[in-house]
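Descriptive analysis of the structure
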4 protein chains.
Amino acid sequence: MCTALTFNSSSHYFGRNLDVELSYNEEIVITPRNYPFHFRKMPSATTHFAMIGMATVVDDYPLYFDATNEKGLSMAGLNFPDNAHFFPLHDKKDNISPFEFIPYILANFATVDEARHALTTINLVDIPFNASLPLAPLHWIIADQQQAIVVESTKDGLHVFQNDIGILTNNPTFDFHRLNLSNYRQLSASNPTNSLSNKIDLPAYSRGMGAIGLPGDLSSASRFIRATFMKFNAVKPTTENLSVSQFFHLLQSVAMPMGACEISPHVYEYTLYSSCCNMDEGIYYYKLYNNSQIVAVHLFHELIDCSKIIRYPLQHQQQINHIN
Amino acid sequence: MCTALTFNSSSHYFGRNLDVELSYNEEIVITPRNYPFHFRKMPSATTHFAMIGMATVVDDYPLYFDATNEKGLSMAGLNFPDNAHFFPLHDKKDNISPFEFIPYILANFATVDEARHALTTINLVDIPFNASLPLAPLHWIIADQQQAIVVESTKDGLHVFQNDIGILTNNPTFDFHRLNLSNYRQLSASNPTNSLSNKIDLPAYSRGMGAIGLPGDLSSASRFIRATFMKFNAVKPTTENLSVSQFFHLLQSVAMPMGACEISPHVYEYTLYSSCCNMDEGIYYYKLYNNSQIVAVHLFHELIDCSKIIRYPLQHQQQINHIN
Amino acid sequence: MCTALTFNSSSHYFGRNLDVELSYNEEIVITPRNYPFHFRKMPSATTHFAMIGMATVVDDYPLYFDATNEKGLSMAGLNFPDNAHFFPLHDKKDNISPFEFIPYILANFATVDEARHALTTINLVDIPFNASLPLAPLHWIIADQQQAIVVESTKDGLHVFQNDIGILTNNPTFDFHRLNLSNYRQLSASNPTNSLSNKIDLPAYSRGMGAIGLPGDLSSASRFIRATFMKFNAVKPTTENLSVSQFFHLLQSVAMPMGACEISPHVYEYTLYSSCCNMDEGIYYYKLYNNSQIVAVHLFHELIDCSKIIRYPLQHQQQINHIN
Amino acid sequence: MCTALTFNSSSHYFGRNLDVELSYNEEIVITPRNYPFHFRKMPSATTHFAMIGMATVVDDYPLYFDATNEKGLSMAGLNFPDNAHFFPLHDKKDNISPFEFIPYILANFATVDEARHALTTINLVDIPFNASLPLAPLHWIIADQQQAIVVESTKDGLHVFQNDIGILTNNPTFDFHRLNLSNYRQLSASNPTNSLSNKIDLPAYSRGMGAIGLPGDLSSASRFIRATFMKFNAVKPTTENLSVSQFFHLLQSVAMPMGACEISPHVYEYTLYSSCCNMDEGIYYYKLYNNSQIVAVHLFHELIDCSKIIRYPLQHQQQINHIN
């Protein structure tokens, strides 16, 4: 399904894997400051923060999967089937449809604290984009350079969790994943001593045995744990290029090779794209399943005061450097 | 440590991760047909099969980590500490030093069957390259387009295992890994039915739950299992570019992010390079830890009848495609 | 810590392991119908259901660990540290102290439905038995012959969970355990087919491989899963003796050998007693760590209309049948 | 299948679980010193060490499952299907049939060292007891008060392994189990510190979390590991009764509840008996699946110089101590 991640190294980075079985014609989309965001039940935002991210554009509207605004505030929607529940119109609340949620937050707020405050009056209302685009069952991670939160709208209401791990996958609800981590607290990046018994000789025949017990499957619970282990043990490089490399390595540790996750006969979920956004510089990096070269799109290389969305199709062709 | 892999898709592929804590100045090296291979205890090979692979060159001699010859026969050495044992000179045997082993096999043989036959008279003799380059404790995988074998020289002699899995990692000996796989036979790429009890409701809350139990750590035993699961469930693409992509995804599933395997304080084993050689076409593809773009070197684009080794330094610089 | 269990076989059974590091002078205690139960903040119950169970008696008051009343309604308190939270007096609620909770429920109610109804007005109030007996942090399982519920009083209030598994251990909260079970849905009592790949031969070298992945440790999360697997795959015998045997085998699968759970140097949690109460017949069976012979005490063999509690000390001496 | 175990506490103990799907009419059998053991291809032993153990008696011949002789030397046969291989008659060897193996060793030798020496000339010959009793595919553990060995006769010959663990289960071969233990060296009886990351709060919510990763299933590989963990962390009591209790708790940790191991529809392997023999005193203790009271038979309470085997039927009836 998906894994989202924050990583603080030479800059602050936010990104995700999109794990799906088919493409939604997603592309890199920059929404400039003066693109008018019309919301179904809220006043339009005609001037707002610019943002860059991955989106499917329908009727000139960017349906963002994940994006970062010019202040660095970042947000991604991840699949949350069976648990996600959206509500009827509530006339005392700010009614935002799930498909408007990323634009609304990133257009209006600069920090997680501001977003958290706004969430106290938000009702995620069950209004689809149109008749042929039903609402996706999502939950969201919102992060800035300092912290992250998770937003889950379930049958019993809207929940906002502080996310000290800076990771989100899919089901179950975030509190399960956070608690479940305790079951892996004994894992280690270094080889542990023999604590089973000092009366028997149990040599460590390999490096890397300290993480025995780390799950390697592709379920959302296991990806949460694996991403946490990798992130919190990761070396933090000191240059932009090395940091971006490292970020993609973290995402690859929870990526889905095509074939390993079969959802119906001969239909496979796989990691269609991996993204890494430099929150400080507004640079959106991505890799695709069949193009491992990193592509970069810069928010601030565009005229972000204009009013038309700027679209960059994905570079799906593998770019091999043939040396001879 | 390392993982080697064969994969038959649109062509036949052979490759490996090199997991180490430091570089050995390795580079891509083509040894042409007329480069004279001088062996310490065997007659020189002055005309032989050409080969391409990753090697450290010392005194104009290619110390190959892995290579493929012009017939497609491929071979890689992987770390095998504590278990590897090399023997004194044996005057009834063909005495080959471990550092000569890849050149000797790839120079002389076209198939695994030929190599297996030669192995019946080989003694891996404990002669180091020179005083400052002691013998590395290795075992080897030898593969052609049809089959693979593993060669392990341990205290009780030289062992040749048929390798129907086409995968090799490190310790323990190959027969342990092969047997240990049975403990994971219940894993599945698709979500299984609830077999715990039909009397309780146990929904599959996520895709990918069929592989729960797949180990995610970096020990050699766990990498062997994970690589096997990924390889034998992998979709097989029908074009060269897609097959090469898929091969690297398989290797990434057992790759080491820097930080996840700490071998001494602040010293980390990581996947320095990943390689994928098209055995049919003699194309050696590789990626580096900090350069995710695939680089390709073609054996048959060179004059392979010459006598001097051809060297291509590794392209360590990340090649980002900045779109705007 | 502890595991409680229901099991429906030739009769209906309810029991538990008490896992502790020291004895509390517990004994079998029958509270007859006319023993006056004085509650701190509720009217006394002078005539009520009789009950049998394991209790520490202080000042002639039975502090029950687990008990069953004459209707079969059964209840056990299990350790719930850090999570259990009890509240100040609430003058609109029925204020019951945790130490009164088992007596109150079993004295007054015949079924889980009745108990569940009563719970809507109960406040678990933080009144200790006395100054030297602080409140234990507990949660409870309440079961009759048809169903079971779990009661947890945490910081955010009193929670009543329907417990379709009929098992309770310790932390975390019950909903975590129930959800976590889904991660083990692929386990099976019979050997599965090889679903990793039909292209490799992976023989089942042993019986019992269908449950590979079942956790064997003594944490509360793992005991919950193991007990569930064992219970829901257990053969159901048709006689009283065989059913009781089977019940104790289920409890042994989650029992703690002395030494396996060290809580401080040379201090060990172990399974001090295992109990099995026939809910239909009022027979309380138990075994002790050092006496594996089953001891039985019959509620209905006593004059249950009297007013004095009846106490049977535990039979700690191993009863070996020396044949010659 | 089965688990055998040595345990040194107040005395030296040897015992096992017999895990089967049906009874073989086994009983406790004492073979006195002058019972004439006729071997098929070896001279008869007319005077020899007396022994006590569990056996099926056919034609007045004790087919021992496990036994201990008057010197304390102990031996048990455990299922070893597919791997066990017995050989044709070898005229330079001492040809012993597998069904004679326990009698031959225990009749003639006082220590493991003596038995090991004898094994250098033994050929386990494929002669069945009779036409209706084919040879069972077994391997054996032989133990005295100081050490233990494992004997496995496979296609490539007779193997004797030093067994520093003092445990045997079933497939694969012993060297696999011994090596596999290293994968569990990080387990601990006490709660470990959080080594995943010191940057996140990961409380130990339960006792017993140090052994997370200990397998709980009933496969032979998992029982070997679990028995090792339990044995090497077990408290060693100082009295006979407590030691025997402890021994049975260790065996229970690898016992099979009926239902948990289904070998064909509605046919279950279960722990028919558990035994514990005091090697120093010649006391054979046992428990049965449906009789948890310990039964004891004393070798030295009989006239062990006689010539007729002494048989004690198993006490299958549950012995409940009804207190009131």
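Given the structure is predicted, the values throughout are model-derived calculations rather than measurements.

This paragraph deals with the relation of the copies chain A and chain B. Once chain A has been moved 0.0 Å along the axis and rotated by 180°, it coincides with chain B to within an RMSD of 0.0 Å. On this basis, the relationship between the two copies can be described by a two-fold rotation axis. Across chain A, the smallest distance between a C-alpha and the rotation axis is recorded for Gly216 of chain A, namely 1.7 Å. Both copies share a contact surface, since 100% of the interface residues of chain A are interface residues in chain B too.

Attention now goes to the confidence of the model for chain A. Overall, the prediction assigns chain A a mean pLDDT of 97, with 100% of residues at 70 or greater. Scoring of the predicted complex yields 0.97 for pTM and 0.97 for ipTM.

With that out of the way, let us pick up unusual backbone geometry. Each neighbour pair has its own omega, and for Asn171 of chain B with Pro172 of chain B the value is -10°, a cis peptide bond. By the secondary structure assignment, Pro172 of chain B is in the loop between strand E12 (167-168) and helix H3 (174-180). The backbone phi angle of Asp59 of chain A is positive, close to 55°, even though this residue is not glycine. Mapped onto the secondary structure, Asp59 of chain A falls in the loop between strand E4 (51-58) and strand E5 (61-69). Even without being glycine, His266 of chain A reaches a positive phi, approximately 65°. Note that His266 of chain A resides in the loop between strand E13 (262-264) and strand E14 (267-268).

Okay, the pattern of salt bridges next. If charged atoms from side chains of opposite charge come close, those side chains can pair. Applying the stated criterion across every chain yields a total of 32 salt bridges over all chains. Between Arg33 of chain B and Glu70 of chain B there is a salt bridge, with the nearest N and O atoms lying 2.5 Å from each other. Of this pair, Arg33 of chain B sits in the loop between strand E3 (27-31) and strand E4 (51-58) while Glu70 of chain B sits in the loop between strand E5 (61-69) and strand E6 (74-79); the two residues are 37 residues apart in sequence, bridging distant segments of the chain. The exposure class of Arg33 of chain B is partly exposed, given its relative accessible area of 24%. What you see here is one network of salt bridges that share partners, running through Glu21 and Glu269 of chain A together with Arg207 of chain B.

What follows deals with the UniProt feature "domain: Choloylglycine hydrolase/NAAA C-terminal" (unreviewed entry) in chain A. Per the UniProt record, "domain: Choloylglycine hydrolase/NAAA C-terminal" (unreviewed entry) is found at residues 2-311 of chain A. Within residues 2-311 of chain A, the helical portion is 17% and the strand portion 33%, while the C-alpha atoms at the span's ends are 23 Å from each other.

Attention shifts here to the sheet that holds strand E16 (residues 283-288) of chain C. Taken in spatial order, the 7 strands make up an open sheet running E12(C)-E1(C)-E2(C)-E15(C)-E16(C)-E17(C)-E19(D), and their pairing is mixed. Since the sheet does not close on itself, it has two edges, and those belong to strand E12 (167-168) of chain C together with strand E19 (321-322) of chain D, each with one partner. When strand E17 (residues 291-298) of chain C meets E19 of chain D, the two strands line up parallel, connected through 2 bridges. Bridge assignment links Ala296 of chain C to a residue of E19 of chain D, and that residue is His322 of chain D. Taken strand by strand, helix H5 (residues 240-252) of chain C contacts strand E1 (2-8), strand E2 (12-20), strand E15 (270-278), E16 and E17 of chain C, and its axis lies near 150° from that of E15 of chain C.

Superposing chain C onto chain B takes a rotation of 180° plus a shift of 0.0 Å along the axis, which leaves an RMSD of 0.0 Å. Most of the interface of chain C is mirrored in chain B, where 100% of its interface residues are also at the interface.

Counting across every chain of the model gives 0 disulfides over all chains. Summary of cysteine pairing: Cys306 of chain A is not part of a disulfide, and the nearest cysteine sulfur, belonging to Cys277 of chain A, is at 18 Å. By relative accessible area, which is 28% here, Cys306 of chain A ends up partly exposed. Of all cysteine sulfurs, the one in Cys277 of chain C lies closest to Cys276 of chain C, which takes part in no disulfide; the gap is 7.4 Å.

So, on to the side chain of His48 of chain C. All names here are of chain C. Assignment of secondary structure puts His48 in the loop between strand E3 (27-31) and strand E4 (51-58). Overall, His48 belongs to the buried group, its relative accessible area being 7%. In this structure His48 touches Thr31, Pro32, Arg33, Tyr35, Phe37, Glu70 and Ala107, once residues within four positions along its chain are discounted.

As a further point, take the sheet that holds E3 of chain B. All names here are of chain B. Taken in spatial order, the 8 strands of this open sheet run E11-E10-E9-E6-E5-E4-E3-E18, and their pairing is antiparallel. Since the sheet does not close on itself, it has two edges, and those belong to strand E11 (157-162) and strand E18 (310-312), each with one partner. Taken over all neighbouring pairs, the strand axes of this sheet differ in orientation by 30° on average, direction set aside. In terms of strand pairing, E6 meets strand E9 (residues 138-143) through 6 bridges, oriented antiparallel. Bridge pairing links Ala76 to Ile141 in E9. Sitting on the sheet, helix H1 (residues 98-108) touches E4, E5, E6, E9 and strand E10 (148-154), and the angle it makes with E5 is about 40°.

All right, on to the interface of chain C and chain B then. Each partner contributes residues to the interface: chain C has 30 residues there, and chain B has 30 residues. Roughly 2,800 Å² of surface becomes buried between chain C and chain B when both sides are summed, with 54% attributable to carbon and sulfur atoms. The largest contributions to the chain C side of the interface with chain B come from Arg185, Gln186 and Leu196 of chain C, which together make up 28% of the buried area. Looking at the side of chain C that touches chain B, the element that brings in the most residues is helix H4 (residues 220-233) of chain C, giving 4 residues. Its residues assigned to classes, the side of chain C that touches chain B comprises 15 nonpolar, 10 polar and 5 charged.

Turning our attention to the interface of chain A and chain B. Much of the literature gives interface size as the accessible area that the parts lose upon coming together. With 70 residues of chain A at the contact, the number on the chain B side is 70 residues. In total, about 5,800 Å² of surface goes out of reach between chain A and chain B, with carbon and sulfur atoms giving 54% of it. Linking Arg207 of chain B and Glu269 of chain A is a salt bridge whose minimum nitrogen-to-oxygen distance equals 2.3 Å. For the pair chain A and chain B, the interface holds 41 residue pairs in polar contact (both at pLDDT 80 or more). Of all elements in the fold, only helix H4 (220-233), helix H5 (240-252), E13, strand E16 (283-288), strand E17 (291-298) and strand E19 (321-322) of chain A reach the threshold of two or more residues within the side of chain A that touches chain B. Among the residues forming the side of chain A that touches chain B, the class breakdown is 32 nonpolar, 29 polar and 9 charged.

This part is about helix H2 (residues 112-119) of chain D. All names here are of chain D. What H2 keeps buried is the set Val112, Ala115, Ala118 and Leu119. Take H2 and look down its axis: the buried residues cluster within an arc of 120°, on one side only. Against helix H1 (98-108), strand E8 (122-124), strand E9 (138-143), strand E10 (148-154) and strand E11 (157-162) lie the buried residues of H2.

Moving on: the packing of aromatic side chains. Each pair of aromatic rings is reported with the distance of its centres and the angle of its planes. The tally for this structure, following the rule as stated, stands at 62 aromatic pairs over all chains. Ring geometry for Phe174 of chain A against Phe224 of chain A: centres 6.0 Å apart, planes inclined by 70°, an arrangement best described as edge-to-face. Of the two residues, Phe174 of chain A is situated in helix H3 (residues 174-180) and Phe224 of chain A in helix H4; the sequence distance between them amounts to 50 residues. Considering the side-chain rings of Phe86 of chain C and Trp140 of chain C, the 6.1 Å spacing of their centres and the 50° angle between planes classify their relative orientation as tilted. Of the two residues, Phe86 of chain C sits in the loop between strand E6 (74-79) and strand E7 (94-96) while Trp140 of chain C sits in strand E9 (residues 138-143), which places them 54 residues apart along the sequence. Counting every residue linked through ring pairs, the aromatic cluster contains Tyr35, Phe37, Phe39, Tyr61, Phe99, Tyr104, Phe109 and Phe129 of chain A. When the ring centre of Phe129 of chain B is taken as reference, the NZ or CZ atom of Arg40 of chain B above it lies at 5.5 Å.

Reading the values: the criteria
Residues numbered from 1 in each chain as written. Chains lettered and ligands numbered in written order. Predicted model: local features only at pLDDT ≥ 70, side-chain atom pairs only at ≥ 80, totals over all residues. Heavy atoms only, no water. Least-squares fit on C-alpha atoms with pLDDT ≥ 70 in both. Contact = heavy atoms within 4.5 Å. pLDDT = per-residue confidence, 0-100. Helix = DSSP H or I, 4+ residues; strand = E, 2+ residues; numbered from the N terminus. Salt bridge = Lys/Arg side-chain N within 4 Å of Asp/Glu carboxyl O. Buried < 20%, exposed > 50% of the residue type's maximum accessible area, 1.4 Å probe, protein only. UniProt positions renumbered as here; feature names shortened; annotations may be inferred. Pairing = 2+ DSSP bridges. Axes fitted to C-alpha atoms, helices over the stretch in contact; angles between N-to-C directions. Disulfide = S-S within 2.5 Å. Buried area = accessible area lost by both parts, 1.4 Å probe. Nonpolar A, V, L, I, M, F, W, Y, C, P; charged D, E, K, R; others polar. Polar contact = N/O pair within 3.5 Å; in protein donor to acceptor, adjacent residues only side chain to side chain. Arc of directions from axis to C-beta. Phe/Tyr/Trp six-rings, centres within 6.5 Å; stacked < 30°, edge-to-face > 60°. Lys NZ or Arg CZ within 6 Å of the ring centre and 35° of its normal.

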